[in-house]
Amino acid sequence: QKEVEQDPGPLSVPEGAIVSLNCTYSNSAFQYFMWYRQYSRKGPELLMYTYSSGNKEDGRFTAQVDKSSKYISLFIRDSQPSDSATYLCAMPNTGFQKLVFGTGTRLLVSP
Amino acid sequence: GAGVSQSPRYKVAKRGQDVALRCDPISGHVSLFWYQQALGQGPEFLTYFQNEAQLDKSGLPSDRFFAERPEGSVSTLKIQRTQQEDSAVYLCASSLRGGTAAPDSNQPQHFGDGTRLSIL
């Protein structure tokens, strides 16, 4: 079993929809939780990060962490076609020397 | 440019050939990471440098994989006697400070666009 699990999708939604992307993890030592966005044939770019449990909002994006359930979510409001990409959750290992990534969820937002 | 630069962007090699992939990190960045991303998968850690020191190579799949960063800036990932299973995108990332991949405001990890390696 992988340390970080993520549904690969694809997830197809119409423009304007609210999108929910999720990951589960098994290592209770993880403290930081990140979401990266990766466009086709590009490198991942950091979208948001949170520390410990709780919510964090940035524009149309909200990241949510529930450490008791080992479950993290990324919500996208008013989704746009430009949001079409693969969304990767990631967590630094205990020594903070590497990131452990989920498989990535491919999101398609149709106009 | 201001970002992490990787070359070549695409590399095709025959099975058994040796390949070398280059990473130019952001100037002044202390930490450098290599990841391997197979098709439809998330990136997987290969190795980590702090300046010229290779502090973690636990993710290298076999002794055919070798990475170096001799002067603490440019890094090269070398794969000897390539196999078909080596086909993947190889991503390089750098961050400002050493010893951590933690994404505090001073030092997120910046990724390059990768080298897409195809072994025939």
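Above this text you will find the structure in question.
If you're wondering where the values come from, they're calculated on a predicted model, not measured in any experiment.

**Let's talk about the pattern of salt bridges**
Residue and element names in this part refer to chain B.
Moving on, step 1. Evaluated as defined, the whole model comprises seven salt bridges over all chains.
Moving on, step 2. For Arg 22, the salt bridge goes to Asp 24, with nearest N and O atoms at 2.7 Å.
Moving on, step 3. What makes Arg 22 partly exposed here is its relative accessible area of 39%.
Moving on, step 4. Arg 64 is paired through a salt bridge with Asp 86; the nearest N and O atoms lie 2.8 Å apart. Residue Arg 64 is located in the loop between β6 (53-56) and β7 (65-68), and its partner Asp 86 is located in the loop between β8 (75-79) and β9 (88-95); the two are separated by 22 residues in the primary sequence.

**What about the state of the cysteines?**
Moving on, step 1. Counted by the stated rule, this structure contains two disulfides over all chains.
Moving on, step 2. Across the disulfide, Cys23(A) is cross-linked to Cys89(A) (sulfur-sulfur distance 2.0 Å). Note on the Cys23(A) and Cys89(A) pair: the S-S dihedral is about -100°, so by sign convention the disulfide is left-handed. Pair noted here: Cys23(A) is in strand β3 (residues 19-25) and Cys89(A) is in strand β9 (residues 85-92), with a separation of 66 residues, a long-range link.
Moving on, step 3. A relative accessible area of 0% places Cys89(A) in the buried class.
Moving on, step 4. At a sulfur-sulfur separation of 1.9 Å, the disulfide partner of Cys23(B) is Cys92(B). Measuring handedness by torsion sign, the sulfur bridge of Cys23(B) and Cys92(B) sits at about -70° and is left-handed. In this pair, Cys23(B) sits in strand β3 (residues 19-24) while Cys92(B) sits in strand β9, placing the two residues 69 residues apart along the sequence.
Moving on, step 5. For Cys92(B), a relative accessible area of 0% translates into the label buried.

**Describing the packing of aromatic side chains**
Moving on, step 1. This structure, assessed with the given rule, holds eleven aromatic pairs over all chains.
Moving on, step 2. Ring geometry for Tyr25(A) against Phe30(A): centres 6.0 Å apart, planes inclined by 55°, an arrangement best described as tilted.
Moving on, step 3. With a relative accessible area of 5%, Tyr25(A) lands in the buried category.
Moving on, step 4. When its relative accessible area of 1% is taken as the criterion, Phe30(A) is described as buried.
Moving on, step 5. For the pair Tyr35(B) and Phe111(B), a centre-to-centre distance of 5.5 Å together with 45° between the ring planes defines the contact as tilted. Here Tyr35(B), found in strand β4 (residues 31-37), pairs with Phe111(B), found in strand β10 (residues 110-111); they are 76 residues apart in sequence, far enough to count as distant.
Moving on, step 6. Its relative accessible area of 10% is what places Phe111(B) among the buried residues.
Moving on, step 7. Positioned above the aromatic ring of Tyr49(A), the side-chain terminus of Lys56(A) is 4.1 Å from the ring centre.

Basis of the calculations
- Residues numbered from 1 in each chain as written.
- Chains lettered and ligands numbered in written order.
- Predicted model: local features only at pLDDT ≥ 70, side-chain atom pairs only at ≥ 80, totals over all residues.
- Heavy atoms only, no water.
- Salt bridge = Lys/Arg side-chain N within 4 Å of Asp/Glu carboxyl O.
- Buried < 20%, exposed > 50% of the residue type's maximum accessible area, 1.4 Å probe, protein only.
- Helix = DSSP H or I, 4+ residues; strand = E, 2+ residues; numbered from the N terminus.
- Disulfide = S-S within 2.5 Å.
- Phe/Tyr/Trp six-rings, centres within 6.5 Å; stacked < 30°, edge-to-face > 60°.
- Lys NZ or Arg CZ within 6 Å of the ring centre and 35° of its normal.

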